[in-house]
Amino acid sequence: MFALVDCNSFYASCERVFRPDLRDRPVVVLSNNDGCVVAGSAEAKALGIRTGVPLFQVRDLIRKHDVAVFSSNYTLYGDLSRRVMTTLATLAPKVEVYSIDEAFLDLSMVPEAQLQVLGEQLRERVARWVGVPVCVGIAPTKTLAKLANHYAKRLGSGVEVWARPEDWQAVLGQTPLGDIWGVGRRLVARLEALGIHNGAALAALEYDWVRRHFSVVQARMVRELNGEPCLTLELQPPPRQQIIHSRSFGQPVVSLPPLRQAVNDYTARAAEKMRMEGQLAGSVSVWLRTAPMGKPQQLWPDSLSRDLPQASADTRELARLAVQLLEQLWKPGLRYGKVGIMLTDLRPAEHAQGGLFEASKTRQGEALMAVMDSINRSGKGRVWLAGRGVKTRQECVWSMRREYLSPAYTTRVSDLPRVS
DNA sequence: TCTGGGGTCCTAGGACCC
DNA sequence: TCTGGGGTCCTAGGACCC
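Let us look at the structure shown here. Remember, it's a predicted structure, so these values are computed and weren't measured experimentally.

Reading the values: the criteria
- Residues numbered from 1 in each chain as written.
- Chains lettered and ligands numbered in written order.
- Predicted model: local features only at pLDDT ≥ 70, side-chain atom pairs only at ≥ 80, totals over all residues.
- Heavy atoms only, no water.
- Helix = DSSP H or I, 4+ residues; strand = E, 2+ residues; numbered from the N terminus.
- Contact = heavy atoms within 4.5 Å.
- Axes fitted to C-alpha atoms, helices over the stretch in contact; angles between N-to-C directions.
- Parallel < 35°, antiparallel > 145°, perpendicular 65-115°, else oblique.
- Left-handed = near helix turned anticlockwise from the far one by under 90°.
- Nonpolar A, V, L, I, M, F, W, Y, C, P; charged D, E, K, R; others polar.
- Near = heavy atom within 4 Å.
- Polar contact = N/O pair within 3.5 Å; in protein donor to acceptor, adjacent residues only side chain to side chain.
- Buried < 20%, exposed > 50% of the residue type's maximum accessible area, 1.4 Å probe, protein only.
- Expected span 1.5 Å × (residues − 1).
- Salt bridge = Lys/Arg side-chain N within 4 Å of Asp/Glu carboxyl O.

## Concerning the side chain of Thr-175
Move 1: On the secondary structure map, Thr-175 appears in the loop between helix H7 (165-174) and helix H8 (185-193).
Move 2: In this view, Thr-175 contacts Leu-147, Tyr-151, Ile-180, Asn-198 and Gly-199; residues no more than four positions away in its chain are not counted.

This is the structure we're talking about:
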């Protein structure tokens with residue numbers, strides 16, 4: 001048996017943890033750059049504010065109903081997510097962290113009669129220890145556990161246990177295709193065209209037929225809907241294959257120097273993340289997008305990539321290459337809205353192939369990066385490459401809009417909430 | 001006028017190998 | 001006149017997830 005634990009309106013719930021005055025007020029959280037709504041509390045959804053809608057389209061609703069608005073505060077959400085996951089592990093030690101707000105748990109050792117009680121314990125403990133509401137779906141496959149969770153949320157029961165086929169069979173008949181994990185927009189259209197309109201019809205399909213007409217992924221899903229597990233708990237996430245860092249700018253950027261700084265900054269962030277995971281990159285890509293969206297002023301190319309002579313995790317080498325690519329992409333007079341960098345062809349550092357003449361240089365670079373990382377993690381200050389410029393993020397012309405940012409309640413001493 | 005930022009997996013087809 | 005069988009690697013495109 002698997003449990004899928006999913007936090008309710010996670011980002012909005014995080015904003016409420018240290019703001020009990022918001023308990024009954026609608027809350028929405030915006031994307032980076034305050035562009036669109038990425039999360040809304042139940043009250044906000046009831047007002048018709050959908051996830052993904054641009055902010056300017058719901059301004060009136062927000063004003064009229066006194067909706068509390070927040071910029072994304074990933075520092076806060078990431079920290080609360082970690083707390084949720086460690087809390088879950090106190091009741092079910094095998095946890096697969098599936099996303100920032102979801103985890104699969106292995107409940108194979110739990111007797112059927114105790115599943116319901118355990119589900120309720122999970123909810124209560126996370127609510128008490130972290131302050132975030134969660135729902136729990138329990139079933140013999142991950143796909144069914146996902147769906148059970150969906151119903152736990154929708155019915156308001158909080159916990160749904162599907163231990164036997166009769167528990168889910170009736171429900172599948174009422175389930176729209178798009179509610180099933182792994183069925184997106186395109187698949188809904190293709191299935192509908194074939195006369196398949198709900199979860200029960202999907203589950204009734206023959207494995208081989210699905211395998212032939214769709215792919216092995218959908219064929220497995222059909223088996224999972226019948227209670228036959230094809231997916232297992234992944235306790236150790238496989239090493240990442242690529243690291244992307246990209247941001248929209250708060251305002252369009254025309255000149256090259258600020259773009260160089262942004263590319264330096266993004267590359268440094270991505271490289272730091274890569275080093276934390278013990279990997280090297282073999283290749284770097286950069287792309288540029290003009291602003292505003294949907295009005296392409298730039299034709300081709302808008303992205304470039306190049307292999308490194310030797311795989312590296314040295315910010316200096318990666319940033320130098322990324323800036324070269326940027327300079328090839330940039331055209332005078334265009335207004336740019338976004339730049340992104342991607343590190344690909346990642347491989348474990350211990351498998352690194354040494355260059356014939358580069359050994360000592362590489363070792364020096366590694367030592368330098370290690371020192372930089374340890375200073376930056378010490379909490380006492382930061383060091384960076386001069387190419388990034390000396391302004392703080394907020395002062396840069398390329399920085400993103402974050403008009404409604406909440407404090408870093410749990411990760412910055414000066415932002416600790418006061419209790420009176 | 002104003003619209004995010006990450007990721008993964010699968011398949012088909014082409015090129016090439018023995 | 002007759003013309004095999006078994007592979008790998010790469011890329012583009014399509015699909016999905018949060």
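Next comes the rest of the account.
## Looking at the packing of helix H4 (residues 74-89) against helix H5 (residues 115-129)
Move 1: Closest axis-to-axis distance for the H4/H5 pair is 10 Å, and the angle between their directions is 140°. Considered as vectors, H4 and H5 are oriented oblique to each other. Once H4 is placed against H5, the crossing between them reads as right-handed. Side by side, H4 and H5 meet where Val-84, Thr-87 and Leu-88 of the first sit next to Leu-122, Arg-125, Val-126 and Trp-129 of the second.
Move 2: Residues that form the contact of H4 with H5 fall into these classes: 5 nonpolar, 1 polar and 1 charged.

## Remarks on the protein's contact with DNA strand B
Move 1: Around DNA strand B, a shell composed of 23 residues is seen, among which Gln-241, Ile-244, Ser-246, Arg-247 and Ser-248 lie nearest.
Move 2: Each atom of DNA strand B within 4 Å of the protein was classed as base or backbone; sugar and phosphate made up 77%.
Move 3: Between DNA strand B and Gln-241, the relevant distance is 2.9 Å, taken from a phosphate oxygen to a side-chain nitrogen or oxygen of the residue.
Move 4: Within the contact set of DNA strand B, a phosphate oxygen lies 2.9 Å away from a side-chain nitrogen or oxygen of Arg-247.
Move 5: Counting residues per element, the ones that place at least two in the surface near DNA strand B are helix H11 (216-225) and strand E9 (243-253).

## With respect to the protein's contact with DNA strand C
Move 1: For DNA strand C, the set of nearby residues contains 13 residues, the closest of which are Glu-102, Lys-146, Gly-184, Arg-186 and Leu-187.
Move 2: Sugar plus phosphate, as a fraction of atoms of DNA strand C within 4 Å of the protein: 100%.
Move 3: Note that a sugar or linking oxygen of DNA strand C is positioned 2.9 Å from one of the side-chain N or O atoms of Glu-102.
Move 4: When residues of the surface near DNA strand C are traced back to their parent elements, those giving at least two are strand E5 (95-99) and H8.
Move 5: For the surface near DNA strand C, the leading source of residues is H8, giving 3 residues.
Move 6: Across the surface near DNA strand C, the residue classes tally to 5 nonpolar, 3 polar and 5 charged.

## Examining the side chain of Thr-143
Move 1: Its place among the elements puts Thr-143 in helix H6 (residues 142-155).
Move 2: Looking at Thr-143, the relative accessible area reads 4%, which means it is buried.
Move 3: For Thr-143, the side chain forms a polar contact with the side chain of Glu-224, separated by 2.6 Å.
Move 4: In contact with Thr-143, other than residues within four places in its own chain, are Ile-180, Trp-181, Met-221, Glu-224, Leu-225 and Leu-231.

## Digging into H6
An α-helix turns once per 3.6 residues; consequently, residues spaced three or four apart project the same way.
Move 1: Over its 14 residues, H6 extends 20 Å from the first C-alpha to the last, a length consistent with the 20 Å expected when each residue adds 1.5 Å.
Move 2: Of all 14 residues making up H6, 10 are buried, and the element is well covered by its neighbours.
Move 3: For H6, the complete set of buried residues consists of Lys-142, Thr-143, Leu-144, Ala-145, Lys-146, Leu-147, Ala-148, Asn-149, Tyr-151 and Ala-152.
Move 4: Within two residues after H6, Gly-156 carries a phi angle of roughly 80°, on the positive side.

## Description of the pattern of salt bridges
Move 1: Taken as a whole, this structure holds 21 salt bridges when the rule is applied.
Move 2: A salt bridge links Arg-19 to Asp-21; the nearest nitrogen and oxygen atoms lie 2.9 Å apart.
Move 3: Of the charged contacts in the structure, one is a salt bridge between Arg-269 and Asp-265, with a shortest N-O distance of 3.9 Å. Here the residue Arg-269 and the residue Asp-265 both occupy positions in helix H12 (residues 256-276), the gap between them amounting to 4 residues, near one helical turn.
Move 4: A single salt-bridge network, built from bridges that share partners, covers Asp-79, Arg-82 and Arg-83.

That's the geometry; what it means functionally is another story.
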